[in-house]
Amino acid sequence: MMVRNFSAVVTHRLAELYSKLLPIPCFLCGDFSPHDALCKACVEDLPWLDHCCQRCALPLNESGICGQCLQHPPPQQSSLALFRYETPINHCIAAFKFHQQLVFAQLFAKLLAAKVNQRQQPLPEILIPIPLHPSRLRQRGYNQSAQLADALSQQLSIAVDKTNFIRRRNTTPQTGMSGKQRKRNVKQAFAVAKPLPYKHVALVDDVYTTGHTAAEASRCLQQNGVKTVEVWTIARAIRHY
Ligand SMILES: [Zn+2]
Ligand SMILES: [Zn+2]
């Protein structure tokens, strides 16, 4: 375990350094694009999410609030996502999350920052990545959401808090779980290490799937003094009931 962890950290640092120094081939088409994970053409072809629900980022024909959120609003006040979680963005996120493709953090942060700035709304005081449980973090070597939050912090000049919001239960990976199972799986998964001094927070995560993780994390922050929680993600999955 120790050796695996060490090599994951080294690979991660090398990937970071490499991406800063050399042009890298586009992850999707192989064309060389200076310093970005994807070339311009491939970025344009991604499944961009234009209109969506302001509360949960569900794709809609026009911006507004979806029926589900009108009936049962989630705890977070707003959600934002760049893409619909479809091919090929799912492959890009999997590479970013599990295969050390950390160069994606810069690209996703740049695109997210542009979307955030377009809104002309007050910015949050702090970015908080959805935490991994320490044992999962040791296994993977990095937390993709924390990588994204760090890159976003540089783009938006907002600080990141990676220490005071923690995952206290090591939840099972949620791929393949039903909505109900996911809800149970993340119940009380989060906690704060000390009282939080923030009023307005953006939670940063890679994918908004059923929304149970975002809701549970938002609830925990709100129980600890935060008034406004925004959820910022790369992609929004479409729920199928
Ligand atoms: Zn390309
Ligand atoms: Zn909604």
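Residues numbered from 1 in each chain as written. Chains lettered and ligands numbered in written order. Predicted model: local features only at pLDDT ≥ 70, side-chain atom pairs only at ≥ 80, totals over all residues. Heavy atoms only, no water.

- The protein chain carries the name DNA utilization protein GntX in an unreviewed UniProt entry, which gives Methylophaga muralis as its organism.

1. Points about the coordination of the zinc ion (ligand 2)
Now for step 1: At the metal site, the zinc ion (ligand 2) is ligated by Cys53 (SG), Cys56 (SG), Cys66 (SG) and Cys69 (SG), and these contacts range over 2.3 Å.
Now for step 2: Because the angles between the 4 donor atoms bound to the zinc ion (ligand 2) fall within 104 to 114°, the donor set is best described as tetrahedral.
Now for step 3: Expressed as a motif, the donor residue spacing for the zinc ion (ligand 2) is C-x2-C-x9-C-x2-C.
Now for step 4: We classify cysteine 53 as buried; its relative accessible area is 0%.
Now for step 5: The exposure class of cysteine 56 is buried, given its relative accessible area of 2%. (Donors = N, O, S within 2.8 Å, 3.2 Å for Na, K, Ca; no water. Tetrahedral: all angles 85-135°; square planar, octahedral: opposite > 155°, others 65-115°. Buried < 20%, exposed > 50% of the residue type's maximum accessible area, 1.4 Å probe, protein only.)

2. What to know about the coordination of the zinc ion (ligand 1)
Now for step 1: Protein coordination at the zinc ion (ligand 1): the donors are Cys26 (SG), Cys29 (SG), Cys39 (SG) and Cys42 (SG), at 2.3 Å from the metal.
Now for step 2: Viewed at the metal, the 4 donor atoms of the zinc ion (ligand 1) are separated by angles of 105 to 117°, and the geometry they form is tetrahedral.

3. With respect to the pairing of strand 9 (residues 228–236)
The two faces of a sheet get side chains in turn, since along a regular strand they alternate between them.
Now for step 1: Counting buried positions along strand 9 yields 8 of 9 residues, so the element is predominantly enclosed.
Now for step 2: Relative to strand 9, strand 8 (residues 200–208) runs parallel, the two being bridged by 8 bridges. Of the residues in strand 9, the one forming a bridge with alanine 202 is glutamate 230.
Now for step 3: Handedness of the strand 8-helix 9 (residues 212–223)-strand 9 crossover: right-handed. (Helix = DSSP H or I, 4+ residues; strand = E, 2+ residues; numbered from the N terminus. Pairing = 2+ DSSP bridges. Right-handed = clockwise from strand over helix to strand, strands pointing away.)

4. Digging into the environment of alanine 151
Now for step 1: Relative to the elements of secondary structure, alanine 151 occurs in helix 7 (residues 144–156).
Now for step 2: On the accessibility criterion, alanine 151 (3% relative accessible area) is buried.
Now for step 3: Distance from alanine 151 to alanine 109, taken between C-alpha atoms, is 5.6 Å for residues 42 residues apart in sequence.

5. A few points about helix 7
It helps to recall that an α-helix has 3.6 residues per turn; residues three or four apart then point in one direction.
Now for step 1: Taking 1.5 Å of rise per residue, 13 residues should cover 18 Å, and helix 7 covers 18 Å from first to last C-alpha, within 8% of that figure.
Now for step 2: Among the 13 residues that make up helix 7, 10 are buried, leaving the element largely enclosed by the rest of the structure.
Now for step 3: Gln144, Ser145, Ala146, Gln147, Leu148, Ala149, Ala151, Leu152, Ser153 and Leu156 are the residues of helix 7 that are buried.
Now for step 4: Capping the start of helix 7 is the job of one residue whose side-chain oxygen sits 2.9 Å from the backbone nitrogen of serine 145: asparagine 143.
Now for step 5: Trailing helix 7 by a residue or two, serine 157 shows a phi angle of about 55°, which is positive. (Expected span 1.5 Å × (residues − 1). Polar contact = N/O pair within 3.5 Å; in protein donor to acceptor, adjacent residues only side chain to side chain.)

6. Overview of the pattern of salt bridges
Now for step 1: Here the structure, examined in full by the defined rule, presents 6 salt bridges.
Now for step 2: Across the salt bridge formed by glutamate 230 and arginine 119, the nearest N and O atoms sit 2.9 Å from each other. Of the two residues, glutamate 230 sits in strand 9 while arginine 119 sits in the loop between helix 5 (103–118) and strand 4 (126–129), which places them 111 residues apart along the sequence.
Now for step 3: Judged by relative accessible area, which is 4%, glutamate 230 ranks as buried.
Now for step 4: Taking the shortest distance from any N to any O, the salt bridge between arginine 219 and glutamate 216 comes out at 3.0 Å. You can see arginine 219 and its partner glutamate 216 sitting in helix 9, 3 residues apart, about one turn around the helix.
Now for step 5: Note on arginine 219: relative accessible area 36%, which makes it partly exposed.
Now for step 6: Taking relative accessible area as the criterion, glutamate 216 reaches 14% and is therefore assigned buried. (Salt bridge = Lys/Arg side-chain N within 4 Å of Asp/Glu carboxyl O.)

7. Some thoughts on the packing of aromatic side chains
Now for step 1: For the structure on display, the rule yields 5 aromatic pairs.
Now for step 2: Their ring planes at 70° and their centres at 5.8 Å tell us that phenylalanine 96 and phenylalanine 108 sit as a pair that is edge-to-face. One end of the pair, phenylalanine 96, is in helix 4 (residues 89–98); the other, phenylalanine 108, is in helix 5, and 12 residues separate them in sequence. Like phenylalanine 108, phenylalanine 96 is buried.
Now for step 3: Judged by centre distance (5.2 Å) and plane angle (15°), the rings of phenylalanine 104 and phenylalanine 108 are stacked. Of this pair, phenylalanine 104 and phenylalanine 108 both sit in helix 5, 4 residues apart, which is roughly one turn of the helix. Note on accessibility: phenylalanine 104 and phenylalanine 108 belong to one class, buried.
Now for step 4: Here the aromatic residues Phe27, Phe96, Phe104 and Phe108 are joined through ring pairs into a cluster of three or more. (Phe/Tyr/Trp six-rings, centres within 6.5 Å; stacked < 30°, edge-to-face > 60°.)

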